[in-house]
Amino acid sequence: MGKKVKKESEPPSKDVFDPLPIESKKAATVVLMLNSPEEEVLVKACEAIHKFAEKGDENRSSLLGLGAVEPLSHLISHEDKLVRRNAFMALGVMAANSDVKRLLKKLNAIPSIIRKLSPEEDVVVHEFATLCLASLSVDFSCKVQISDQEGLEPLIQLLSSPDPDVKKNSVETICNLVQDLPSRVAVRELNGVPPLLELLRSEFPVIQQLSLRTLVIVTTDTDTRATFREEQGFDRLLEFLCNKEFSDLHVEALQVLSNCLEDRDSLQVIHETGGLQRLLQFITTPTLLDIQTNAVKAISRVAQSSENRKLLHEQDIERSLVELLSLEGDSLRTATCQAVAAMSLHLASKDAFRNLGETHTHRHVQTHRHTPVAPTLNCPCVPDGIRAVVQLLGSEGGEVREAAAQALSSLTSSNQLNSYAVYEAEGDEGLVQQLHDVIPGAVAHAAAVLTNMAEQEVLRCSILSHGAMAALLEPLQSADTHTLVRATQALAALACDAEGRADLRNAGGLVPLVQLLRSNHKEVRRNACWAISVCANDEPTAVEMCKLGALDLLQEINSSANRRNKFSEIALQRLLDSNLSLKYSLTNTLAPTDITVDGFYDPGQARSGQRVLTLEDLSKQPVNQRRPVIAINAKPLDAVSVDQSEERQQDSPTETRTASVLSSKGSTRTPSKGKSKGRKEDEKLRDEDESKPQQEVATVTEKPWMLPYDAAFHALVTEATKTILPLHVESEQYSALARLVSEVMGGAVEVDRQHDFLWELHLSELRYELQSNIIPIGQIRKGTYYHRALLYKVLADRIGVSCSLVRGEYNRVWNEVLLSVGTPHYPGCQPQPRAHLVDLIHQPGRLLRANTPQAKQYQTI
């Protein structure tokens, strides 16, 4: 056998570099090592950067400045697993820095990160890759990119990872992604609800909380709520709620429950499983404020359905809600009031809130603001439920005041007993004060309650006595459309009697009301029209609104097919009906139901766009050559003085009320015996001193303009009453009145002799004699068609004879009457009345059948 020869060791190759251990204390050196081709160097460099970055955000910023992010974004895709792992660890920690996040987005690192979420990757890679995505998913554009790269599916799969950090980072990323609607839908489609429910059993509270927050968002989707039911989500949720160890997370759990209870099927499921009772326990059992608040919010969600409200009413939920109103905490009170508002949509619940509690002392009922009346014995009692809500109107928290007013609005809607209960609790004054609130919602709901209460005269008078009309001025100028709608509705409800309209005029409320006709909001404009139609029920208010341009605005609205509505047509008609002078000038017609009174005048036919002046404005014009204005006034001056004093009392109810209170107080005082005489003398001297400046002011103040008394017209009314009314046949009354008018106005005039009838000269003489363009109708002795027809109409209105006044062309004006002539169609029935024209000038007393040649000739010749 050959002898083995031991080989000598070969010398090291010249190309091989001996290992060199390096210790560096500079981050810049380590960052440079990230570009090394050696895997061992890369592993150690990434590990060192990870440790350095964990020490604080300043270190992360420093690494960013040294250029560490870009090489790390490449190393997460390295072939070596250890390099990939350490690179992800470094990048995951650094991604918490906002500047690093911006750079990663710019480097388009998200696709590379998502690719590493595959199951075959290391758990540590999953942990820090999801940590990186959790930081990036806060940004909107990053959310979109994660969704576009289909990153949601691997994240949902990682919810079942055995590593708690992976679960936490994954559910946090999903929670950020579902802020956008498409991602919520994707979670359901990718079967993400079951793993989210499973996380509720995690031993880590942060994972439970993130899971609940995600469920709160995704359950806003209807289909997701159906999936939640199918996956026994209510069982998991109730199991979670019954565990007192998780009480700090019950707020989020109740929010999930609240979302799911919007569905009728969900409520049925939770009712069958006993969940509703558990929810009610959260309300009634003293616990954390947030938990009770969210439990009440869940009840509000449940109460959105009529069937659910019935079910809750059977559970006596009203009593529980009223008890909560006495607890401290604005958030709880707000939520409770909102729940009361929701439950009050159920009629039985409205009665339940009213009937809770004990009987209280009744307020004095007033049928008129100045005349208190003793309360009746059968008045409804003041319940604790409504009283508790009323008391919250004075809360410091604006949201509480708004919610309280909202609850009262729902409670009093179509319910007079609840409206009276609010009045008994002295809520009307608080509601009027709330019209000055800075929160638009609080103002709108307060106005809605006042609207509901104003349906009853007793409550309406009380509301007005607190200055409601003046308080509505600010809401009528609000920029919030809902507030404007509610304010105009309240105004219309309070202005349905003369007292309310007087308050509105005195407060200056007509100005903002008329301006609302210019609104581009359909509902605001519509309600403004309705309020104006209500206010136009008396002449002073109608005249004032016309001065403010309401008539022009309504005509403009009604001429537009898009802006016109039924209320605008009613408002225009009522405005004209309350100002017949204006109506006749604009429409050229007065119907038999349009009864003229003293102060009526004929200013002539108004042209399109022309403003019709008032009598007072016309009286200030110098005498001119235009057509004279014919005025009607048979009221003596003493009667005018009485009426004006009554109007002043009506227009100033506050002053009248104050005066009555002062006089009543004075009548009950008993002066002392010793100093009564001296006090009386001192008071007399003081009164004289105080009266002197008042007398001086009175002498300076100009007397208001008044239309002169027309004694001649008054005499004509008396004569017509004596001679016409005794006649029992309608046709005789019409003819006799026509002959009387013709006799006063110059007698009959033949058709071919009209040019010799110098009525224009007569009117000119009267105008210069009176030095006025306004001529009382009783002083006209030569009148043509329009003078005679006007006199016929005003006399007929005074004595109760029905007729209309119609103006045609070329100064032709005539009266039409309805007369039953001919044979009836059926035995025992009156013949159908037909329109006839009354001849006042050619053959006075002749009645011409309408639309016949004779009638047409009378209208045109």
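Residues numbered from 1 in each chain as written. Predicted model: local features only at pLDDT ≥ 70, side-chain atom pairs only at ≥ 80, totals over all residues. Heavy atoms only, no water.

Chemist: Would you mind going over the overall build of the chain in detail, with residue names and values included?
Modeler: Tallying secondary structure elements over the chain gives 48 helices and ten strands in all. Burial status across the chain gives 49% buried among its 861 residues. Here the analysis covers contacts within the chain between residues at least 6 apart in sequence; of these, 67% occur between residues at least 24 apart. Summed over its atoms, the accessible surface of the chain is roughly 43,800 Å², and 50% of this surface lies on carbon and sulfur atoms. (Helix = DSSP H or I, 4+ residues; strand = E, 2+ residues; numbered from the N terminus. Buried < 20%, exposed > 50% of the residue type's maximum accessible area, 1.4 Å probe, protein only. Contact = heavy atoms within 4.5 Å. Areas by Shrake-Rupley, 256 points an atom, 1.4 Å probe, with all protein chains shown as cover.)

Chemist: Please set out the packing of aromatic side chains residue by residue, giving values where relevant.
Modeler: Across all of its chains, the model carries six aromatic pairs by this definition. With a centroid separation of 5.2 Å and an interplanar angle of 45 degrees, the aromatic rings of Trp530 and Phe567 are classed as tilted. Taken as a pair, Trp530 in helix α35 (residues 522-535) and Phe567 in helix α38 (residues 566-577) lie far apart in primary sequence, 37 residues in all. On the accessibility criterion, Trp530 (31% relative accessible area) is partly exposed. If you follow Arg807 out to its NZ or CZ, it ends over the ring of Tyr584, 4.1 Å from the centre. (Phe/Tyr/Trp six-rings, centres within 6.5 Å; stacked < 30°, edge-to-face > 60°. Lys NZ or Arg CZ within 6 Å of the ring centre and 35° of its normal.)

Chemist: I'd love a proper account of the pairing of strand β7 (residues 804-807), names of residues and values included.
Modeler: By the alternation rule, side chains of β7 split into Ser804 and Val806 and Leu805 and Arg807, which are all buried. Strand direction decides the pairing type here: strand β3 (residues 589-590) and β7, joined by two bridges, are antiparallel. What sits directly across from Leu590, in β7, is Leu805. Across four bridges, β7 lies against strand β8 (residues 813-820) in antiparallel orientation. Looking at the pairing, Ser804 lines up with Glu816 of β8. (Pairing = 2+ DSSP bridges.)

Chemist: Describe the packing of helix α2 (residues 39-54) against helix α5 (residues 81-94), naming the residues involved and giving the relevant values.
Modeler: It is the contact of α2 with α5, at a shortest axis distance of 8 Å, that shows an interaxial angle of 20 degrees. What the angle tells us is that α2 and α5 run roughly parallel. α5 is crossed by α2, and the crossing has left-handed handedness. Residues Glu39, Leu42, Val43, Cys46, Glu47, Ile49, His50, Ala53 and Glu54 of α2 form the contact with α5, whose participating residues are Leu82, Val83, Asn86, Ala87, Met89, Ala90, Val93 and Met94. (Axes fitted to C-alpha atoms, helices over the stretch in contact; angles between N-to-C directions. Parallel < 35°, antiparallel > 145°, perpendicular 65-115°, else oblique. Left-handed = near helix turned anticlockwise from the far one by under 90°.)

Chemist: How would you sum up the sheet that holds strand β4 (residues 601-602)? Please name residues and give values.
Modeler: Strand pairing in a sheet is mediated by backbone hydrogen bonds. Such pairs are either parallel or antiparallel. With mixed pairing, three strands are arranged side by side in an open sheet as β4-β5-β6. Each edge of the open sheet carries a strand with a single partner, namely β4 and β6 (774-776). Examined bridge by bridge, strand β5 (residues 629-631) and β6 share three bridges and lie parallel to one another. Within β6, the residue paired with Ala631 across the bridge is Pro776.

Chemist: Mind laying out the sheet that holds β8, listing which residues take part and the relevant values?
Modeler: Read across the open sheet, the five strands follow the order β3-β7-β8-β9-β10; overall the sheet is antiparallel. Each edge of the open sheet carries a strand with a single partner, namely β3 and β10 (847-849). Contacting β3, β7, β8 and β9 (833-838), helix α47 (residues 785-799) runs over the sheet at an angle of about 45 degrees to β8.

Chemist: I'd love a proper account of the pairing of β9, names of residues and values included.
Modeler: Where β8 meets β9, five bridges bridge the pair, whose relative direction is antiparallel. Bridge pairing links Leu818 to Ala835 in β9. Where β9 and β10 come together, three bridges link them in antiparallel fashion. Residue Leu837 lies in a different strand from β10, and its bridge partner there is Leu848.

Chemist: So, the environment of Val187: which residues are in play, and what are the values?
Modeler: Relative to the elements of secondary structure, Val187 occurs in helix α12 (residues 181-189). Exposure remark for Val187: the relative accessible area of 1% places this residue in the buried category. For the pair Val187 and Glu153, spaced 34 residues apart in sequence, the C-alpha separation works out to 8.2 Å. Dropping the residues within four chain positions of it, Val187 is found in contact with Leu152, Ile156, Ile174, Val178, Gly192, Val193, Leu196 and Val218.

Chemist: Explain the environment of Asn579 residue by residue, including any values.
Modeler: Tracing the sequence through the fold places Asn579 in the loop between α38 and α39 (580-587). When its relative accessible area of 10% is taken as the criterion, Asn579 is described as buried. In this structure the C-alpha to C-alpha distance between Asn579 and Pro540, which are 39 residues apart in sequence, comes to 8.9 Å.

Chemist: How would you sum up the pattern of salt bridges? Please name residues and give values.
Modeler: Opposite charge on two side chains makes pairing possible when the charged atoms of those side chains draw close. Considering all chains together, one arrives at 29 salt bridges under this definition. The shortest N-O distance in the salt bridge between Lys168 and Glu172 comes to 2.9 Å. Placement of both Lys168 and Glu172 in helix α11 (residues 164-177) is noted, with a separation of four residues, approximately one turn of the helix. Accessibility expressed as a relative area gives 24% for Lys168, which makes it partly exposed. In this structure, Arg798 engages Asp598 in a salt bridge whose closest nitrogen and oxygen atoms are separated by 2.6 Å. (Salt bridge = Lys/Arg side-chain N within 4 Å of Asp/Glu carboxyl O.)

Chemist: Before we move on, can you summarise the nonpolar core with the specific residues and values?
Modeler: Leu72 and Leu408 are the most contacted members of the largest nonpolar core, which totals 192 residues. Beyond its immediate chain neighbours, meaning those up to four positions away, Leu408 contacts Ile386, Val389, Val390, Leu393, Val422, Leu431 and Val449. One finds Val744, Leu763, Leu766 and Ala850 within the second-largest nonpolar core, a separate group that totals 54 residues. (Core = buried A, V, L, I, M, F, W, Y, C linked by side-chain atoms within 4.5 Å.)

Chemist: Break down the packing of helix α17 (residues 250-260) against helix α20 (residues 289-302) for me, citing the residues and quoting the values.
Modeler: Helices that pack against each other are described as a pair by the angle of their axes relative to one another and the distance between those axes. At a minimum axis separation of 8 Å, α17 and α20 run at an interaxial angle of 0 degrees. The angle between α17 and α20 places the two elements in the roughly parallel class. Contacts from His250, Val251, Leu254, Gln255, Ser258 and Asn259 of α17 reach α20 at Asp290, Ile291, Asn294, Ala295, Lys297, Ala298 and Arg301. Across the contact of α17 with α20, the residue classes break down as five nonpolar, five polar and three charged. (Nonpolar A, V, L, I, M, F, W, Y, C, P; charged D, E, K, R; others polar.)

Chemist: Residue-level account of the side chain of Ser804, with values.
Modeler: Secondary-structure assignment places Ser804 in strand β7. Owing to a relative accessible area of 8%, Ser804 belongs among the buried residues under this scheme.

Chemist: Give me the lowdown on helix α27 (residues 416-424), citing residues and values where you can.
Modeler: With seven of nine residues buried, α27 lies mostly within the body of the structure. Among the residues of α27, those classed as buried are Asn418, Ser419, Tyr420, Ala421, Val422, Tyr423 and Glu424. The backbone nitrogen of Leu417 lies 3.3 Å from a side-chain oxygen of the residue at the head of α27, namely Asn415. (Polar contact = N/O pair within 3.5 Å; in protein donor to acceptor, adjacent residues only side chain to side chain.)

Chemist: Residue-level account of unusual backbone geometry, with values.
Modeler: Of note, Gln232 is a non-glycine position whose phi angle comes to about 55 degrees, a positive value. With respect to the helices, strands and loops of the structure, Gln232 is situated in the loop between α15 (222-230) and α16 (233-242). Residue Gln232 is classed as partly exposed on the basis of its relative accessible area of 45%. One non-glycine residue, Asp316, lies in the positive phi region at around 60 degrees. When you line up the elements, Asp316 lands in the loop between α21 (306-314) and α22 (317-324).

Chemist: Residue-level account of α2, with values.
Modeler: The terminal C-alpha atoms of α2, which comprises 16 residues, lie 23 Å apart, in line with the 22 Å expected from a rise of 1.5 Å per residue. Of all the residues in α2, the buried ones are Leu42, Val43, Ala45, Cys46, Ile49, His50 and Ala53. The inward-facing, buried residues of α2 contact α1 (27-33), α3 (57-65), α4 (69-75), α5 and α8 (123-136). Looking one or two places after α2, you find Gly56, whose phi comes out positive at around 160 degrees. (Expected span 1.5 Å × (residues − 1).)

Chemist: Break down the confidence of the model for the chain for me, with residues and values.
Modeler: With 85% of its residues at a pLDDT of at least 70, the chain reaches an overall mean of 84. Overall, residues 365-383 carries pLDDT values under 50, and its contacts beyond four positions in sequence, including any with other chains, amount to 51 contacts. (pLDDT = per-residue confidence, 0-100.)

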